[in-house]
Amino acid sequence: MNNQEKLDKMRYLRTQETINLLMKKMQDGKIDYKRLSKTDKVLDVKYVGKIELEGEFKDIYAIIEQFSQETGSSIETVKLIKYVTEELQTIAINREDDKFKKAFVTQDFMEDKADIESQINELDVEDPILDLNEMEKEQIEELAKTLGVRPEDIKELDEIDMSQELDIQQKDGEMETITETEFQKLNLKEETNLGQSIKGETLENKLGLKEEGIDDAEKLVRVTATSANKYLENPTSEQDVFVVTRRNGPPVILGENILEPDSREGTNPIGNDSVTINNDGTATREAVTSSYKIVHGNGNEYIRTGYDENSGKEIKYSMYSPEENKYIDTELETNRTMPQDSGVRQWLNDQHEGTREAQDTENRFQVHEKFAEQEVEVEGIDNDLDNNPHEHNETKDEITLEDKIPNTDLTWEELASKLGYRGSDRLEKTVEKFEQECEENPNKENQEIIEDMEEEINEEYRGTLSR
């Protein structure tokens with residue numbers, strides 16, 4: 001592997017080990033993820049050389065990680081050095097406070113303990129062959145020098161692969177190129193799988209890059225505008241600038257012929273939120289920080305960004321519903337995200353179903369959101385009506401007459417009484433009636449729906465009296 005391949009591998013190892021580290025803690029119960037991610041994390045990854053393992057030579061990486069553990073009434077921070085293969089197979093471990101001296105072989109390799117221990121302890125962690133932190137620092141410094149800004153001004157660079165399959169019109173606008181030397185050492189934080197399927201096309205095709213003369217695109221990189229304005233003939237006041245790296249040509253700063261500022265939201269739509277399908281399979285309402293229309297799309301497709309609940313920024317593919325005036329965002333998988341849930345992959349693999357898809361998804365989300373105070377899952381709002389994870393007739397078994405209807409002060413028992421339902425099946429009948437009203441009135445709050453139901457009953461009663 002060349003240095004760039006090693007760099008990509010070390011980034012991958014950092015991400016996967018961080019996920020493993022946090023998942024172990026989170027299995028013990030509900031834990032504040034944001035707090036945990038500050039104390040339990042991978043600090044650095046170093047390529048330290050090769051050792052002979054089970055008859056073949058393997059590349060070995062030293063992962064420097066930090067985690068917290070309770071010691072009596074206090075919390076202690078521990079730092080470990082884990083020696084792993086590129087498949088994240090842990091060979092040996094030692095504590096950083098041992099000053100990188102003696103590493104202890106893990107249980108899986110005890111048969112060759114002495115030999116492996118000897119080889120591992122010959123590796124120099126203090127002076128490694130490659131150091132991820134140092135390489136990324138050099139990239140930032142090189143980019144800062146190229147752009148004529150201070151290193152601390154380069155705050156964020158998010159990258160996703162151009163071959164992501166996605167859905168994205170043409171308009172006059174110019175692209176500008178920068179030299180490979182100026183761009184080759186970017187500190188790329190996020191990137192996605194080139195073959196990822198999103199609504200039947202690759203992101204490269206949806207952006208219409210080939211039509212614009214770019215037929216060798218590799219990556220789509222989000223760069224803060226302050227970092228790129230140095231190279232723009234007309235500096236932008238927008239929040240983001242998108243750059244395409246290429247296999248055989250210089251990087252290209254995209255113009256508004258490919259991605260144009262969202263005229264509905266503006267490029268600083270902070271405070272606005274939309275339904276986001278997250279990589280863990282849940283759907284929540286989340287704020288966005290920037291929004292750009294995909295010019296070569298169907299007129300209702302966007303690339304949007306927002307703060308990831310786990311780390312940094314997330315880049316989203318978005319469908320817009322003109323009927324609902326709402327966006328449905330889907331988090332794109334990157335090297336910094338949790339592995340994508342199978343339900344989310346299926347949602348992205350589904351063929352685009354036209355402009356009503358966003359509207360239908362928003363309506364289904366609103367019904368689930370109104371009906372129960374629980375996380376909405378992607379299977380509950382996607383196009384497959386047979387995979388609903390909790391049909392509401394199953395949910396009835398999980399609630400009681402004494403439970404309050406979400407976002408109201410009324411219990412199911414009280415609503416049943418208002419509706420005139422009696423007997424052992426009154427809960428089931430009440431829930432079914434409430435769900436029907438939610439589906440017919442997706443834009444109304446629960447309290448308003450109940451008031452309408454009461455008014456309907458009163459109207460019927462008054463009609464009976466007048467006969």
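Criteria and thresholds
- Residues numbered from 1 in each chain as written.
- Predicted model: local features only at pLDDT ≥ 70, side-chain atom pairs only at ≥ 80, totals over all residues.
- Heavy atoms only, no water.
- Patch = residues over 30% accessible without salt bridge, like charges linked within 9 Å, V, L, I, M, F, W, Y side chains within 5 Å.
- Areas by Shrake-Rupley, 256 points an atom, 1.4 Å probe, with all protein chains shown as cover.
- Salt bridge = Lys/Arg side-chain N within 4 Å of Asp/Glu carboxyl O.
- Lys, Arg positive; Asp, Glu negative; His and termini not counted.
- Charge placed at Lys NZ, Arg CZ, Asp CG, Glu CD.
- Helix = DSSP H or I, 4+ residues; strand = E, 2+ residues; numbered from the N terminus.
- Buried < 20%, exposed > 50% of the residue type's maximum accessible area, 1.4 Å probe, protein only.
- Contact = heavy atoms within 4.5 Å.
- Core = buried A, V, L, I, M, F, W, Y, C linked by side-chain atoms within 4.5 Å.
- Pairing = 2+ DSSP bridges.
- Axes fitted to C-alpha atoms, helices over the stretch in contact; angles between N-to-C directions.

(A) Inspection of a negative patch on the surface at higher detail. A grouping of E52, E54, E56, E87, E111, D112 and D115 is seen on the molecular surface, where their side chains present a negatively charged patch. Looking at the element boundaries, E52 is found in strand β1 (residues 41-53). The exposure class assigned to E52 is partly exposed, which follows from its relative accessible area of 39%.

(B) Representation of the environment of Q4 within the structure. Counting through the fold element by element, Q4 comes out in helix α1 (residues 3-26). Q4 sits 131 residues away from M135 along the chain, and the two C-alpha atoms are 9.9 Å apart. When sequence neighbours within four positions are dropped, the list of residues in contact with Q4 reads R11 and Q139.

(C) Summary view of the nonpolar core. L207, L209, L254, L259 and I277 are the most contacted members of the largest nonpolar core, which has 32 residues in total. For this core, the secondary-structure elements that each account for two or more residues are α6 (203-207), β9 (217-224), β10 (240-246), β13 (273-277), β15 (290-294), β17 (313-321), α8 (342-349) and α9 (356-371). Grouped together as the second largest cluster of nonpolar side chains are 17 residues, L53, I60, I81 and V105 included.

(D) Molecular detail of the sheet that holds β17. An order of β12-β15-β16-β17-β18-β13-β14-β19 is seen for the 8 strands of this open sheet, with the pairing classed as mixed. Among the strands making up the open sheet, the edge pair consists of β12 (259-261) and β19 (376-377). The pairing of β15 with strand β16 (residues 301-307) spans 4 bridges and is antiparallel. By the bridge assignment for β16, K293 is matched with Y302. The strands touched by α8 within the sheet are β13, β17 and β18 (326-331), with β18 carrying the most contacts at an inclination of about 120 degrees.

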